[in-house]
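# Descriptive structure summary
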Amino acid sequence: MGAGLAISASMASAQALVVSNWDGYMAPDAITAFNDATGNQAELVLHGTNEEIMGKLIASKGKGYDVVFVSSPFAEVLHNLGLAEDLDHAKIPNIANLYPQATQLSHDEGNAFSLPYAWGTTGLCYRSDLVAETPDSWMDLLEPSEDLRGKTTMLATDRWLLGAAMLAKGYSVNTVDEAELAEVRDQLIQTKGTLLAYDDTTFYAKLVSGEAELVQAWDGWCNYGIAENADIKYVIPEEGSDLWVDTMVILKNSQNKDAAYDFVNFVLEPANHGWAAENILYKVPNQPAMEALPDEFVTQFPNMGIQPDQLMGYEQLRDVGQAQRAYSRIVSEIKAAN
Amino acid sequence: MTDRKPLYLMTPALAWLTAFMVVPCLLILALGFFRRGIYGGIEYTFTLENIALVFDPLYAGIFLKSAMIAGLSALIAVVIGYAAAYAIAAAPQRRQATLLFFAVLPFWSNYLVRTYAWIVMLNREGLIAGIAHGLGWGGELPKMLYTESAVVIGLVYNYLPFVILACYAPLSRLNPEIAEASRDLGASGWTTFRRVILPATVPGIATGFVFVFVLSIGNFVTPALLGGGQFQMIGNLIYAQFLTANDWPFGAALSIFLIAIMMGLLTLQTFATERASGARREE
């Protein structure tokens, strides 16, 4: 009996901890460092998009994965499907490193099932040496001045593409009101003719080359442009931004829960968490990590200095359930329009 | 006693195709008749809703638009490709292999790399604009990249070698004495081409056209990169259902129709080729 228990225990521990994350979203040596520090056997697998890992998790009921990195609306879905572990904070002492605001995020107040990994805004990224007027409103993108026509890009992903017009019109970024959505659609159809392209991945390179002069961008990605050309600047339009949050979730069906807790706690160490700020140029909700950033870093990338209180003033994208079909349809209508 | 050898030899290929082609296609077919779960996933209740949605004017319009772009690309590719194949087949025998080699050479590099090359050439700060400015062109060039024309250019460029190969085969097999006989009987060069050479090479043209059409209509990379995501082809729509909208049943329903169109065309093309070769045998 005792021997049987010992065998099953050793079999369980021999099973590697599986962490799924986007490529390059953690330090390359993070897993090795974690294994060395804790004696665990973790392995990293990669997903390209939230939807890809969600497809796998829903199909397998979360089995086969222990910790996943997903954006907050998807963490919410995992929770609603009963796939996310209810977090035992006693096992995550480093939770104390999070800004108090980061524990009160609307998708998961009190970090019941998710831990924020990175957060930021979506705004306008532009070439200050090329634009005639400094942009300060979403309308500067949606109805660009004559000299900017054909030199702007918008994000291609449904939620952010629609989000720009929702914010411009003063609507919630999660609105499912038909009249409001129709207005958003009409605005974006009108905007389409003024765009250079929809672009999720290379918009900052288009700014660097001068192909585009004003683009809709996530703050962290605008920093990639700023790193190459100091004339590139980022601004949150006066109508506001959404607050995007990428999170860590432990799966309820994890067979390695202790190791999973060890892992998320390890990531929340300021030195480990700070890696993402310094290298991916995303804000992390880790107070000591952010405070350790050198002053000149924040001077070079001003949006790294956006404070948690300001971030909390923006609405988070939430899961909209079946309304997602309406969102996709609107995006198809926009793209099918001439 | 029948010879069983062909059956044994075909078994591995058939098993492979069944496991990795027929079964997945059947799964897609089944998926098209279920409901989308509230959080993405699939709810296993039967519905015809997804199939009906394909006929919605919005989505039917995207099918039509894709077919037009694919048709235009196939047409241009056939005109350019046939001319090239004709020239290669008319070249001295010893040079033909080299010329064909050059025609297929682009296939040795990655599709994405080849498509990105067009971005480098066509963008507003790109190679063509640079050359035009270098030659003293002062004004701004018309927008070339992120347009429908750019997508057609990309599709034609990428699939042209298929047409060259498809047309070269019948052209090179053509007995030169037939063309000679036609001329001896008083036909002009044009008449010989129109009444003798062209009809004999229709199967090659049909194969080239159908290949380019089928590969183009389902393509989603080229519209995304060269079209700047500004219009959706059916491939992009399907991609979005699976990868961003998390609406697998609708994505599957769209795929069923796309696969049906492709299979229909390939079947027609096979029949056309069979008939043409049958007709020739009867002559």
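Counting its regular elements, chain A contains 15 helices and ten strands. Over its C-alpha trace chain A gives a radius of gyration of 21 Å, about what one expects of a compact globule, namely 20 Å for 338 residues. With respect to the principal axes defined by its C-alpha atoms, chain A has extents near 80 × 45 × 30 Å. Sorting the 338 residues of chain A into buried and exposed places 49% on the buried side. Pairs at least 24 residues apart make up 73% of the contacts formed inside chain A by residues separated by at least 6 positions.

Right, let's talk about the overall build of chain B for a bit. The number of helices and strands found in chain B is 13 helices and two strands. Burial status across chain B gives 34% buried among its 283 residues. Of the contacts formed within chain B by residues at least 6 apart in sequence, a portion of 71% connects residues at least 24 apart.

Counting residues in hydrophobic clusters, the biggest one holds 159 residues, and the most contacted among them are C125, V249, F263 and V264 of chain A together with V163 of chain B. Among the elements that make up this core, the one with the highest residue count is helix α7 (residues 148–173) of chain B (16 residues). Other than its neighbours up to four places away in sequence, C125 of chain A contacts Y204, L207, V215, A217, C222, G225, I232 and Y234 of chain A.

Next up on the list: the confidence of the model for chain A. For chain A, the mean per-residue pLDDT works out to 93, and 96% of the residues sit at or above 70. The low-confidence segment residues 1–13 of chain A, where pLDDT is below 50, has one contact with residues more than four positions distant or belonging to other chains.

Between chain B and chain A, the contact holds 24 residues from the first and 30 residues from the second. Here the residues of the side of chain B that touches chain A sort into ten nonpolar, ten polar and four charged.

What follows deals with helix α9 (residues 219–228) of chain A. Of all ten residues that make up α9 of chain A, eight are buried, and the element is covered over most of its length. Its buried side turned inward, α9 of chain A meets β4 (115–127), α8 (203–209), β7 (214–218), β8 (232–235), α11 (270–280) and α13 (295–300) of chain A.

In this section: the pairing of β4 of chain A. All names here are of chain A. Buried residues dominate β4, accounting for 13 of its 13 residues. Here six bridges tie β4 to strand β9 (residues 242–250), and the two strands are oriented antiparallel to one another. Counterpart to A118 in the pairing with β9 is D246. Pairing geometry for β4 and β7, over five bridges, is antiparallel. Of the residues in β7, the one forming a bridge with Y126 is L214.

A few words now on unusual backbone geometry. All names here are of chain B. Although it is not a glycine, Y146 adopts a positive phi angle of roughly 60°. As for its placement among the helices and strands, Y146 is situated in the loop between α6 (127–134) and α7. Within the chain, N246 stands out as a residue other than glycine whose phi angle is a positive 55°. Mapped onto the fold, N246 is located in the loop between α12 (234–243) and α13 (248–282).

Residue and element names in this part refer to chain B. Pairing of strand β1 (residues 34–37) with strand β2 (residues 40–46), which is carried by four bridges, proceeds in the antiparallel orientation. Following the sheet pairing, R35 is matched in β2 by E43. Following β1, the chain reverses through two residues before pairing antiparallel with β2.

Right, let's get into the environment of Q316 of chain A. With respect to the helices and strands, Q316 of chain A occurs in strand β10 (residues 315–316). With near-sequence residues (within four places) excluded, Q316 of chain A lies in contact with S72, L105, S106, H107, D242, L243 and V245 of chain A.

Quick look at α11 of chain A now. Residue and element names in this part refer to chain A. Turning to α11, its buried residues number three or more, namely N272, H273, A276 and A277. For α11, the arc enclosing every buried residue in end-on projection is 155°, short of the 170-degree limit, so these residues lie on one face. On its buried face, α11 sits against α2 (30–38), β4, α10 (257–267) and α12 (287–291). A positive backbone phi angle near 65° is found at L281, which sits one or two residues after α11.

For any two helices packed against each other, the geometry comes down to the angle between their axes and how far apart the axes lie. All names here are of chain A. Contact geometry of helix α6 (residues 158–168) with helix α15 (residues 323–336) gives a least axis separation of 10 Å together with a crossing angle of 75°. The orientation of α6 with respect to α15, classified from their angle, is roughly perpendicular. Judged by residue contacts, D158, L161 and L162 of α6 engage Y327, S328, I330 and V331 from α15. When its residues are assigned to classes, the contact of α6 with α15 shows five nonpolar, one polar and one charged.

Let us now look at the packing of helix α8 (residues 176–184) of chain B against helix α9 (residues 189–200) of chain B. Residue and element names in this part refer to chain B. Following both chains from N to C, one finds α8 and α9 inclined at 140°, their axes separated by 10 Å at the closest point. Judged by the angle between their axes, α8 and α9 are oblique. Considering how the two elements wind past one another, α8 and α9 form a crossing that is right-handed. Across from I178, A179, S182 and R183 in α8, the residues of α9 making contact are T192, V196 and I197. Partitioning the contact of α8 with α9 into residue classes produces four nonpolar, two polar and one charged.

This part is about the environment of L198 of chain B. One can find L198 of chain B in helix α9. Along the sequence, L198 of chain B and P170 of chain B sit 28 residues apart, while their C-alpha atoms lie 10.0 Å from each other.

With that settled, the discussion passes to the environment of A112 of chain A. Residue and element names in this part refer to chain A. Following the sequence through the fold, A112 ends up in the loop between α4 (72–80) and β4. Accessibility expressed as a C-beta count within 10 Å gives 12 for A112, which makes it exposed. Between the C-alpha atoms of A112 and H79, which are 33 residues apart in sequence, the distance is 9.3 Å. Apart from residues lying up to four places away in sequence, A112 is in contact with D86 and L87.

Cut-off values and rules
- Residues numbered from 1 in each chain as written.
- Chains lettered and ligands numbered in written order.
- Predicted model: local features only at pLDDT ≥ 70, side-chain atom pairs only at ≥ 80, totals over all residues.
- Helix = DSSP H or I, 4+ residues; strand = E, 2+ residues; numbered from the N terminus.
- Rg over C-alpha atoms; globule rule 2.2 N^0.38 Å.
- Buried ≥ 20, exposed ≤ 12 C-beta atoms within 10 Å, placed from the backbone.
- Contact = placed C-beta atoms within 7 Å.
- Core = buried A, V, L, I, M, F, W, Y, C linked by C-beta atoms within 7 Å.
- pLDDT = per-residue confidence, 0-100.
- Nonpolar A, V, L, I, M, F, W, Y, C, P; charged D, E, K, R; others polar.
- Pairing = 2+ DSSP bridges.
- Arc of directions from axis to C-beta.
- Axes fitted to C-alpha atoms, helices over the stretch in contact; angles between N-to-C directions.
- Parallel < 35°, antiparallel > 145°, perpendicular 65-115°, else oblique.
- Left-handed = near helix turned anticlockwise from the far one by under 90°.

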